[in-house]
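Structural characterization, general
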Amino acid sequence: MKILRSLISCLFLLNCSVSAQINAGDSLALVDLYYSTNGAGWKNNTNWLNKEVSEWFGISVSDKRVIGISLVNNHLEGTLPASLGNLTALTGIFLSNNNISGTIPATLGDLPVLNYLHLSNNKINDHIPDALGNVKPLLELHLSHNKLTGTIPESLRRLTNLTELMLDHNQLTGEISAGLGDTRIRRLDFSYNQLSGSIPERLGRIRNLRELRLNNNQLTGEIPSGLAPVICYLFDLSSNNLTGSIPADLSNNSTLAHVNLSNNALTGQISYSLGNMSGLQSLELDSNQLTGIIPSSFKYLTRLVHLNLTNNRLSGSIPVGLCSLPDLQVLQLSNNQFTFEGMECVGKKNNISLFANYTYPNQKTLTLNYRNTELSLTAGGNLANNTYYIYKDSVLLETLTGDSTFAVAEGGKYWVEVTNDLADQLTLYSNQLDVSSNIILPLNWLDFTAVNCSDNICLRWATENEQNTSHFEIERSSDGKNFEQIGTRVSANTPAKHNYDATDYSPANGINFYRIKQVDLDGLFTYSDVVSARINTKGVLTIAPNPANNFITLRGILKAEKVTIYSTTGQIFKQWQNVNGNQELNISDLQQGIYMLKVQYSKKETVHKLIKL
């Protein structure tokens, strides 16, 4: 075979010499290519080896030199010969979509005017030759969909005229060279490899970068600032191990049409400013750890066609206007923490539009509450559109529409399922709540009164069925709206009937309002009815509060000339001159006990008993 091949080459060379149609070295290199890639089996080998080279299929000739090889999708099978490096006038090699195997000849680095090297979709293996960095005029290097291994040569940084570098779908490892930031690349595709390390911040120096695809690698670290603003069309960093938040400067780019940051470990919230990206057509942020709400500013993304937010921890209401975007065809919200709040619009649009493909199942687990023999939960949406299925011990107990509160008559394990007429893809489920088999009935208020007792207010109340009850808090108000606590009573906490009483020793002049706050052991509480009683102490001196802790005031008079506190044995402890009515008098340093308080006012003198707590 080798002898036959050599004979054919010699005869062919003699023919070329006679006709002076082409450089002899070029001719031999093409013959090598023919035989090393099974030229006889090519899809199209018209005129090869039997006519002038300029007439061979896929070959371009100028000034007796081969300047182009274009045999795309032509069933080439075999390896590339090193003699291709002799075709020194070549400006373009287009051999994509074949079955070429073996390595990329390092001799291709000797081609001084090569602009295009397209070898994508073959079976080429081993590493990318460093020598390719010598081809300074190279504009496009396409090596996608092969079996290349090793690292991306640092020498490629010397290709400062390079506009397209396509190395995707290989088995390349190592880090991305920061030196590529010094090139003029417009399309950079390193996707579907095994690249690691962080994304070089220096890539942000590339100007007019149209497409950046680094997806499906093993990149780590945060997305560097300054990178997103320089990309004018497509930005894909999906399926890596990137952390941190969505770059704050992403929203500065109004020309970006496609952004894909999905399948990473991004955290934080989606910035409201992303609504400024007026050119955005697709935004994919799915499969991260994003929290917070969908910004209401998304209603301004009027060119948006595809929005994917699935598999995050987003919550809150679906913003008004999101489902009304004119071009939005694909909306994916599944596996988040939403309820029906705002979701009815999404479901309605999905059901009435021929173009909409909206998905939103698997959302928040609702919290089932139990209080006063009632179960309740909040599912969002219009209550009239919601249907509640109440299960007890995994058996459907009741179905309700438009009511999220359910009476419980017996103990058991309860949970609730909720559907919505408009958002029909979503079913919400509550947690399972174990209600004691001994149903705890709410405390029963039997009576509560307030009466004037010698210018004090005597309070009395009665209860029954105290279970899980901790204590009572006595509250007073002067307007019936704003209450303050003035005392407590410990609960008996038994089902029997109980009577309680308390006295307000410092009521205000006029009407005083009272209520009792019943507090459970678990912190829940209920209130009694509000009752009132009137005190008329105008012109009558009273001490308030009494008993007292830190301060007392004189009520019912405008001014006292002298106020004296002394012990029951006559020892003086405190004394004040010219005290105004309602002026606070500090008694915090007095010890607990009973004292006498003498007040001299309006040429009168009165003595009062004071209890210090």
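As a reminder, the structure under discussion sits directly above these lines.
Before going into details, it helps to say that this report is about the structure given with it. (Residues numbered from 1 in each chain as written. Predicted model: local features only at pLDDT ≥ 70, side-chain atom pairs only at ≥ 80, totals over all residues. Heavy atoms only, no water.)

**Quick notes on the overall build of the chain**
Short version of the rule: By definition, any uninterrupted DSSP run of H or I lasting at least four residues is a helix, any uninterrupted run of E lasting at least two residues is a strand, and each is numbered from the N terminus. For this measure, only C-alpha atoms enter the radius of gyration; the expected value for a globule follows 2.2 Å times N^0.38, where N is the number of residues. Three exposure classes are used, based on accessible area relative to the maximum for each residue type with a 1.4 Å probe and protein chains only: buried under 20%, partly exposed in between, and exposed over 50%. Contacts are residue-level and defined by heavy atoms, with any inter-residue pair within 4.5 Å sufficient. Exposure was quantified through the Shrake-Rupley algorithm and a 1.4 Å probe, taking into account, for residues, occlusion by the shown protein chains and nothing else.
Looking only at helices and strands, the chain features three helices and 47 strands. Here the C-alpha radius of gyration of the chain, 43 Å, is well above what a compact globule of 613 residues would show, namely 25 Å. With 613 residues in all, the chain has 47% of them scored as buried. Look at the contacts in the chain between residues 6 or more apart in sequence, and 51% of them connect residues 24 or more apart. In the form shown here, the chain has an accessible surface area of approximately 28,400 Å², with 46% of it arising from carbon and sulfur atoms.

**Some words on the sheet that holds strand S45 (residues 585–586)**
Definition in use: Should DSSP find at least two bridges between two strands, the strands are taken to pair.
Reading across the sheet, the three strands line up as S41-S42-S45 and stay open at both edges, with antiparallel pairing between neighbours. Lying at the two open borders of the sheet, with one neighbouring strand each, are strand S41 (542–544) and S45. Bridge count between S41 and strand S42 (residues 551–555): three bridges; the pairing is antiparallel. Bridge assignment links Ile 543 to a residue of S42, and that residue is Leu 554.

**A word on the state of the cysteines**
Here is the rule: Only a pair of cysteine sulfur atoms within 2.5 Å qualifies as a disulfide here.
Inspection of every chain in the model, using the stated rule, returns two disulfides. In this model Cys 323 forms its disulfide with Cys 345; the gap between the sulfur atoms is 1.7 Å. Where Cys 323 bonds to Cys 345 through sulfur, the torsion about that S-S bond is close to 65°, and the disulfide is right-handed. In this pair, Cys 323 is assigned in the loop between strand S21 (313–314) and strand S22 (330–332) and Cys 345 in helix H3 (residues 343–352), connecting sequence segments 22 residues apart. Each disulfide pairs two cysteine sulfurs, and for Cys 453 the partner residue is Cys 458, the sulfurs being separated by 2.2 Å. Cys 453 sits in the partly exposed class, given a relative accessible area of 23%. Judged by its relative accessible area of 12%, Cys 458 is buried. Across the chain, the way the bonded cysteines pair up, counted in sequence order, is 1-2, 3-4.

**Some points on the sheet that holds strand S29 (residues 405–407)**
Picture the strands of a sheet paired through backbone hydrogen bonds; they go either parallel or antiparallel. Our working definition: The angle between two axes is taken between their N-to-C directions and runs from 0 to 180 degrees, where each axis is a line fitted to C-alpha atoms and a helix contributes only its stretch in contact.
Pairing is antiparallel in the open sheet, where three strands are placed in the order S25-S26-S29. Of all the strands in the sheet, the pair left with one neighbour each is strand S25 (369–371) and S29. Strand-to-strand twist of the sheet, defined as the mean angle between neighbouring strand axes without regard to direction, takes the value 25°. Summarising the sheet, S25 and strand S26 (residues 374–376) pair through three bridges and their orientation is antiparallel.

**Details of the pairing of strand S30 (residues 412–420)**
Counting buried positions over the nine residues of S30 gives eight, a clear majority of the element. For S30 and strand S32 (residues 433–435), the ladder comprises three bridges, and the chain directions are antiparallel. Looking at the pairing, Gly 412 lines up with Val 435 of S32. The loop that links S30 with its antiparallel partner strand S31 (residues 427–430) comprises six residues.

**So, helix H2 (residues 24–36)**
To be explicit about the condition: A helix's residues, less one, multiplied by 1.5 Å, set its expected span.
With 13 residues, H2 should cover 18 Å at 1.5 Å per step; its first-to-last C-alpha distance of 18 Å lies within 8% of that length. Within the sequence span of H2, burial applies to Asp 26, Ser 27, Ala 29, Leu 30, Val 31, Leu 33, Tyr 34 and Ser 36.

**Section: the pairing of strand S14 (residues 218–222)**
In the sheet, strand S12 (residues 196–197) pairs with S14 via two bridges, with the strands oriented parallel. Looking at S14, one finds that Ser 196 is bridged to Gln 218. Here three bridges tie S14 to strand S16 (residues 241–243), and the two strands are oriented parallel to one another. Its bridge partner lying in S16, Glu 222 is registered against Thr 243.

**What to know about the nonpolar core**
Here is the rule we go by: We call a set of buried Ala, Val, Leu, Ile, Met, Phe, Trp, Tyr and Cys residues a nonpolar core when their side-chain atoms join them within 4.5 Å.
Counting 115 residues, the largest nonpolar core has Ile 69, Leu 165, Phe 190, Phe 235 and Leu 333 as the members making the most contacts within it. Only H2, strand S2 (65–70), strand S13 (209–213), strand S15 (231–236), H3, strand S27 (386–392) and S30 provide two or more residues apiece to this core. Counting residues per element, this core draws most heavily on H2, at five residues. Apart from residues no more than four positions distant in its own chain, Phe 190 is found in contact with Ile 152, Leu 165, Leu 167, Asp 168, Ile 176, Leu 180, Leu 195, Arg 213, Leu 214 and Asn 217. Core analysis: the second largest hydrophobic core is formed by 19 residues, Ala 548, Leu 554, Ile 557 and Leu 610 among them.

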